[in-house]
Amino acid sequence: MGFIKKLFGGSEISEESKEVNTMPWLLLTSVEQLNKLKVASETKPQLIFKHSTRCGVSRMVMRQFEESYGFSNEDFDVYYLDLLNYRDVSNAIASMFQVMHQSPQLLVIKNGVVVAHASHGAILDLDLKNFV
C-alpha cells in the first residue's frame, strides 16, 4: 500500500502528526433546550448550526465550518440541529428568534436575541470573533 501512495502522490503522515479538529457539538433535539439556550446566551454566546443531512451543500459547508472553527468551549456553546429529524425544533427557532428557516444556517444568539445569522456559503464569512 505504501508503494501505491508514493506512486500516486499519497503522503506518509503518521497518525501522531495529523491535526484533528473536533467540534464541541451539542445536539439540539428538543424545543425545551431552546429556552435553556436562550437563558445561557445571557452569559455566553450560543451558536446553532442547522444542517440537512440529505443536502450536499449543507454537508460541504458544515465540513468547512468545522475545519475553520478555532474557538474553545469558553467562547461559545455550539449546537447542531439535524433538520430532518427535528423539524419541530427548527420551526420553533424560526418563531422564537424571528429568523426565516434556511439550510444550512448558522445563528449567533447573544443576550436572548439573534445578533447574526447566515446561510449557505455566507456562514463561512461570519466573523465569530466579533461575538466573543
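Basis of the calculations
- Residues numbered from 1 in each chain as written.
- Predicted model: local features only at pLDDT ≥ 70, side-chain atom pairs only at ≥ 80, totals over all residues.
- Heavy atoms only, no water.
- Helix = DSSP H or I, 4+ residues; strand = E, 2+ residues; numbered from the N terminus.
- Buried < 20%, exposed > 50% of the residue type's maximum accessible area, 1.4 Å probe, protein only.
- Contact = heavy atoms within 4.5 Å.
- Areas by Shrake-Rupley, 256 points an atom, 1.4 Å probe, with all protein chains shown as cover.
- Pairing = 2+ DSSP bridges.

Asks: Explain the overall build of the protein chain to me, and be specific about the residues and the numbers.
Replies: Looking only at helices and strands, one finds 4 helices and 5 strands in the protein chain. Seen in sequence order, the protein chain has helices and strands lined up from the N terminus as α-β-α-β-α-β-α-β-β. For the protein chain, buried positions account for 36% of its 132 residues. Look at the contacts in the protein chain between residues 6 or more apart in sequence, and 64% of them connect residues 24 or more apart. Split by element, the accessible area of the protein chain, about 7,900 Å² in all, is 52% carbon and sulfur.

Asks: Account for the pairing of strand β4 (residues 105–110), naming residues and giving values.
Replies: Most of β4 is tucked away: 5 of the 6 residues are buried. Both strand β2 (residues 46–51) and β4 contribute to a ladder of 5 bridges, which runs antiparallel. When the sheet's bridge partners are listed, K50 is paired in β4 with Q105. The pairing of β4 with strand β5 (residues 113–119) spans 6 bridges and is antiparallel. Across the sheet, K110 pairs through a bridge with V113, a residue of β5. Connecting β4 to the next strand, β5, in antiparallel fashion are 2 residues, including N111 with a positive phi near 55°.

Asks: Could you give me a rundown of the environment of K44, with the residues and numbers involved?
Replies: If you trace the backbone, K44 turns up in the loop between α2 (31–40) and β2. For the pair formed by K44 and N111, sequence separation is 67 residues and the distance between their alpha carbons is 8.2 Å. Contacts of K44, omitting those with residues within four sequence positions, involve N73, E74, D75, F76 and D77.

Limitation: the analysis is restricted to geometry and does not speak to function.
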